Amino acid sequence: MATTTTAAVANESTERETDTQVEERFCRFLLDYSAASVGDETAREPDARPYVQQLERMVTDEESSTVRVDFFELDAFDGELALAVESEYYRFEPCVRAGAKRAYREVRARVTTGEDRRPGQADPVDAKTFFVAFRNLKSAPEKLRDLRCDKIGTLVQCRAVVTRTSDVRPELLAGSFLCLKCGLEAPEVPQQMRYTTPTICRNPQCNNASKNKWQLQMDRSKFADWQRIRVQEATDEIPAGSLPRSLDVIVRDEMVEQVKAGDKIVATGCPCVVPDAGGLARAGENAVAGRLNNMAQGVTGAQSVAGTREMTYKMLFSACGVERAEEADGRGRDDDEADDALRQLKSAGGALDGVEDIVTPRDAKDALTAKKMRQRPRLYDALAESIAPAVFGHKDIKHGILLQLVGGVAKQTHEGIKLRGTINVCVVGDPSTAKSQFLKYVHTFLSRSVYTSGKAASAAGLTACIARDSETGEFGVEAGALMLADNGICCIDEFDKMDATDQVAIHEAMEQQTISITKAGIQANLNARTAILAAANPKHGRYDRTKTLKANVDMTMPIMSRFDLFFIVIDDCDEVTDRNVAKHIVDVAAGEARALDAPFTIDELRSYIRVAKKISPVITDAAAKTLVACYRQLRQNDVVGRSKTAYRVTVRQLESLVRLSEAHARIHLSQTVEPDNVKEAFRLLKRSIISVESESVLLEEIDEEDLDAAAAVDMPSVGEKRPAEDDPESPAKPATTAEESPSKPPPRKKAKVQLSYEDYTRYRALITTHLRSRATLDGVPGLKRSAVVDWYLTTHADEVGEETAAHAKLLKQILKRLQKDDLVIVVAHEDNEPVLAVHPNVDVADASAA
């Protein structure tokens, strides 16, 4: 027994000595590290001591208490210490914090030399709690499902997506307790993941061992900010057929409120095991606590039946540092390269007009990349060709997605009304036209994006829902797809398969960029500043050219008006196109490099877009006039029926023009929006609105005699009664024998003239509107055919030009079709010339919009 006690004492003494060495060596690292100390003479300032400078800033800013340490530098300075911290982080974490406090005390003593503390005043360093945030570990970040028992207590990194964050609450780190029996104070009692009171009073005459007879002295205790972050596996890390794993990440002090729902983060810390309080309340046989030989056996269930112990513990991740994934990927090993880029950029005068926008080394690297890319001719087309290089063709769609990635400028009026700058795009087309490929590419291109399917998504899943916390029982907001994609793009496939109620739920998010919730006593207005890239199929499988866009897609008009661009893709049979598409697909399948060859790499494209999004171009006066003219043209075309295949042009399309123009100016890194930017935006919007023409109209080639005869037979002269064939009082027509019948030449087959459907509807709208207005305003029941032809030739002289005869003939053919096929015009006969009038049952407004 004595031997066991002696070994325990020796072991405890060895552990204390090891802890002291870790504390001292980490303190030396913070005070002595420099690039020259590890043999790196290529650094910009080899003798600079970055951690001493960091501690000096902490002395100036007394609120700061977290020391940020690059683990690569610790490993280069003291590899043995780095190995010990990495393998037994949970044990040495208090020692590391104590070493940081010790180094801070020495730096503070040098900085505040001569400052006398009043007698009796406590040292402010003693009351301050320090934390150490490691980053840039040697090993790659772990997946959530790879955090097993062998990782418990070690220093690791994990990569995940934030789904929910809790409120910031105070956490008791070390409590000072007052014994209620003798009044003796027990200072700095460490807390072990839960409220922990002293085991027994230090007063040998008291021996208070009751947990209920201790009072917490809050003014003498140490607290820190605490927050729970719920994270989930990234979609690209989930194995096929598996559900995403979730984990709670605990952050403290300056790490709270650093991330929000939807961020992809890299957390550094150690996995820990805590009792699962929720497991005790789950359905089934009640769990009971058992003891054997006065030793706790944990919480057990029906051991006699199952023979197993209940799962009473769960894993959480205690993080010492947390940062966004793009920040973690953009620094560390590339710091020297980024510093070189910053020096080159400043010496070259900057890629932008103002180098003051560069605040980090990654910004400098992006700006230098953008400067090189800007020198390429036809930059706009080259950037578009770099998007989804595996997809052949679809040039306009790639231009639209490029503008969506850059976006317009968000604005706010004097009244506080926010105007969105995001661009929403919808791709409608036949099956197998690479719609989903664009969505998948954008999802992988952006770090903050969400991919979902319309049929599998609900209103709460797209926006947000109210969920109850399993531990605290409080209600909280669970972020949906649009919140998770805040400041990014939400890709929604099969958009037309969404229920009508679910489509209504995203009205506010698409226009106002917010999500309002009033449920369970929670009233919140959440940000959803996301662009939407949607893909939809036509109602009946393939796009019907003879129907409107609204009739082809199962969407409501409010949803359609919120999309800035509609792209309609039709799978037409064309020998040249089919050959090129087939060759491209075969080359991609064969792994040919030329098939995926793009002007720019994906990293260069990301860098350029990051630089372009920092620019806020201003609309010039010339661009404003061009915007007004383009909008008026769209509205006029909509009134006369040119855009039968599109939705109604509203003021939202004018706002779309503004956003697209600003995005196009950003692409060229321009500080102003010029008329050329507006013209490109107008081209895309016009291509979007009038993208698919209906089937052409065939007009018969007829001569004057045929037209007059058709008019005379169709309707009797004014005031004349046509005899009925079955009227007995009508004079019978004399029979004509075969001998008396004159010989007639065989009918000549007439050629047909092809006219586009848009031009035909325009002619029809103009003619019917003119005839109805003359009948209503002037009281004229009808106009002669020659008067209608002369009216059109006179009012459209610029369009007709010198081809008067050809236009007159075309008008007569259109009048014939309106009379015979469309039944829009009725014809009377007066003075041997047809008199035209609109049929009384025809609505001119419907005829114009048809």
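Everything numeric in this text was worked out from a predicted model, so none of it was measured.

1. Some remarks on the overall build of the chain
- From N to C terminus, the chain includes 29 helices and 30 strands.
- Classification of the 850 residues of the chain by burial places 44% in the buried group.
- For the chain, the proportion of contacts with a sequence separation of at least 24, taken over those separated by at least 6, is 71%.
- By element, 51% of the accessible surface of the chain is carried by carbon and sulfur atoms, the whole surface being about 45300 Å².

2. Considerations on the confidence of the model for the chain
- Residues at a pLDDT of 70 or more form 78% of the chain, whose mean pLDDT is 77.
- Taken as a whole, residues 640-646 scores under 50 in pLDDT and shows 30 contacts with residues more than four places along the chain or in a different chain.
- Across residues 705-742, confidence stays below pLDDT 50; counting only partners more than four residues off in sequence or on other chains, it has 35 contacts.

3. With respect to the environment of Leu178
- With respect to the helices and strands, Leu178 occurs in strand E4 (residues 169-179).
- Sequence separation between Leu178 and Lys213 is 35 residues; the distance between their C-alpha atoms is 8.6 Å.
- Excluding its chain neighbours within four sequence positions, the residues that come into contact with Leu178 are Gly183, Leu184, Glu185, Lys213, Trp214, Gln215 and Gln217.

4. Examining the side chain of Ser65
- With respect to the helices and strands, Ser65 occurs in the loop between helix H2 (50-60) and strand E1 (66-70).
- Of the polar contacts made by the side chain of Ser65, one reaches the side chain of Asp253; its length is 2.6 Å.
- Residues within four places of Ser65 in sequence aside, it is in contact with Met58, Lys128, Thr129, Phe130, Phe131, Asp253 and Glu254.

5. Observations regarding the sheet that holds strand E22 (residues 531-536)
- Taken in spatial order, the 5 strands make up an open sheet running E16-E19-E22-E15-E23, and their pairing is parallel. The sheet is open, and its two borders are formed by strand E16 (449-453) and strand E23 (565-569), each paired with just one other strand. Adjacent strand axes in the sheet meet at a mean angle of 15 degrees when their direction is disregarded.
- Examined bridge by bridge, E16 and strand E19 (residues 489-493) share 5 bridges and lie parallel to one another. Across the sheet, Ser453 pairs through a bridge with Asp493, a residue of E19.

6. Let's talk about the packing of H2 against helix H5 (residues 89-111)
- At a closest axis distance of 9 Å, the pairing of H2 and H5 adopts a crossing angle of 70 degrees. Taken together, H2 and H5 sit at an angle that is classed as roughly perpendicular. Where H2 crosses over H5, the handedness of that crossing is right-handed. Residues Val52, Leu55, Glu56, Met58 and Val59 of H2 lie in contact with H5, whose contacting residues are Ala103, Tyr104, Val107, Arg108, Arg110 and Val111.
- Class assignment of the residues belonging to the contact of H2 with H5 gives a composition of 8 nonpolar, no polar and 3 charged.

7. Overview of the side chain of Ser176
- In this structure, Ser176 sits in strand E4.
- Owing to a relative accessible area of 1%, Ser176 belongs among the buried residues under this scheme.
- At 2.3 Å, the side chain of Ser176 and the side chain of Glu185 are in polar contact.

8. Looking at the pattern of salt bridges
- On inspection of all chains with the given rule, the structure shows 33 salt bridges.
- Of the charged contacts in the structure, one is a salt bridge between Arg25 and Glu80, with a shortest N-O distance of 3.4 Å. Taken together, the residues span a long stretch of sequence, with Arg25 in helix H1 (residues 2-32) and Glu80 in helix H4 (residues 79-87) at a distance of 55 residues.
- A residue is classified by how much of its surface remains accessible, and Glu80, at 57% relative accessible area, is exposed.
- Here Asp263 ties to Arg324 by a salt bridge, and the two come within 3.4 Å at their closest N and O atoms. Note that Asp263 is positioned in the loop between strand E8 (246-252) and strand E9 (264-275) and Arg324 in strand E12 (residues 313-324), a separation of 61 residues in sequence.
- The class for Asp263 is buried, based on a relative accessible area of 5%.
- Judged by its relative accessible area of 25%, Arg324 falls in the partly exposed class.
- Residues joined by salt bridges that share partners form a network here, namely Arg420, Glu511, Asp564, Arg652 and Arg659.

9. Things to note about the packing of aromatic side chains
- Scanning the model with the defined rule gives 16 aromatic pairs in all.
- Aromatic pair Tyr89 and Phe134: ring centres 6.3 Å apart, planes at 80 degrees, arrangement edge-to-face. Within this pair, whereas Tyr89 is found in helix H5, its partner Phe134 is found in strand E2 (residues 131-135), the two being separated by 45 residues in sequence.
- For Tyr89, a relative accessible area of 5% gives the class buried.
- Phe134 sits in the buried class, given a relative accessible area of 2%.
- Between Phe563 and Phe566, the ring centres sit 5.5 Å apart and the planes meet at 65 degrees, which makes this aromatic pair edge-to-face. Here the two residues Phe563 and Phe566 agree in accessibility, since each one is buried.
- Three or more aromatic residues joined by ring pairs form one cluster here, namely Phe26, Phe29, Tyr33, Tyr51, Phe71, Phe77, Tyr89 and Phe134.
- One cation-aromatic arrangement involves Arg97 over Phe131; the distance from NZ or CZ to the ring centre is 4.7 Å.
- A cation over a ring is seen here: Lys440 above Tyr451, with NZ or CZ 3.9 Å from the ring centre.

10. A closer look at unusual backbone geometry
- In this structure, Asn207 is a non-glycine residue whose phi angle is positive, near 55 degrees.
- In this structure, Asn207 sits in the loop between strand E5 (185-190) and strand E6 (214-216).
- Non-glycine residue Arg378 carries a positive phi angle of around 50 degrees.
- Structurally, Arg378 can be placed in the loop between helix H9 (361-374) and helix H10 (379-385).
- Judged by relative accessible area, Arg378 falls into the exposed class, the value being 54%.

11. Things to note about a nonpolar patch on the surface
- Judged by side-chain polarity, Ile152, Val273 and Tyr313 come together as a nonpolar surface patch covering roughly 270 Å² of accessible area.
- Note that Ile152 resides in the loop between E2 and strand E3 (156-165).

12. What to know about the pairing of E2
- Along E2, 4 of the 5 residues are buried, which leaves the element largely enclosed by surrounding structure.
- Strand direction decides the pairing type here: E1 and E2, joined by 5 bridges, are parallel. Paired with Val67 across the strands is Val132, a residue of E2.

13. Regarding the state of the cysteines
- Taken as a whole, this structure holds 0 disulfides when the rule is applied.
- The thiol of Cys182 is unpaired, and the distance to the nearest cysteine sulfur, on Cys201, comes to 3.5 Å.

14. Some points on the packing of H4 against H5
- Interaxial distance between H4 and H5 falls to 6 Å at its minimum, and their mutual angle equals 120 degrees. As summarised for this structure, H4 and H5 are arranged oblique, according to the angle between their axes. Of H5, the residues touching H4 (which contributes Ala84, Val85, Glu86 and Ser87) are Tyr89, Phe92 and Val96.
- Class assignment of the residues belonging to the contact of H4 with H5 gives a composition of 5 nonpolar, 1 polar and 1 charged.

15. Notes on the environment of Ala319
- Within the fold, Ala319 resides in strand E12.
- You can call Ala319 buried: its relative accessible area is 7%.
- Separated by 53 residues in the primary sequence, Ala319 and Val266 place their C-alpha atoms 9.9 Å from one another.
- Among residues more than four places away in sequence, those in contact with Ala319 are Val249, Ile250, Val251, Ala267, Thr268 and Gly269.

Parameters at a glance
Residues numbered from 1 in each chain as written. Predicted model: local features only at pLDDT ≥ 70, side-chain atom pairs only at ≥ 80, totals over all residues. Heavy atoms only, no water. Helix = DSSP H or I, 4+ residues; strand = E, 2+ residues; numbered from the N terminus. Buried < 20%, exposed > 50% of the residue type's maximum accessible area, 1.4 Å probe, protein only. Contact = heavy atoms within 4.5 Å. Areas by Shrake-Rupley, 256 points an atom, 1.4 Å probe, with all protein chains shown as cover. pLDDT = per-residue confidence, 0-100. Polar contact = N/O pair within 3.5 Å; in protein donor to acceptor, adjacent residues only side chain to side chain. Pairing = 2+ DSSP bridges. Axes fitted to C-alpha atoms, helices over the stretch in contact; angles between N-to-C directions. Parallel < 35°, antiparallel > 145°, perpendicular 65-115°, else oblique. Left-handed = near helix turned anticlockwise from the far one by under 90°. Nonpolar A, V, L, I, M, F, W, Y, C, P; charged D, E, K, R; others polar. Salt bridge = Lys/Arg side-chain N within 4 Å of Asp/Glu carboxyl O. Phe/Tyr/Trp six-rings, centres within 6.5 Å; stacked < 30°, edge-to-face > 60°. Lys NZ or Arg CZ within 6 Å of the ring centre and 35° of its normal. Patch = residues over 30% accessible without salt bridge, like charges linked within 9 Å, V, L, I, M, F, W, Y side chains within 5 Å. Disulfide = S-S within 2.5 Å.

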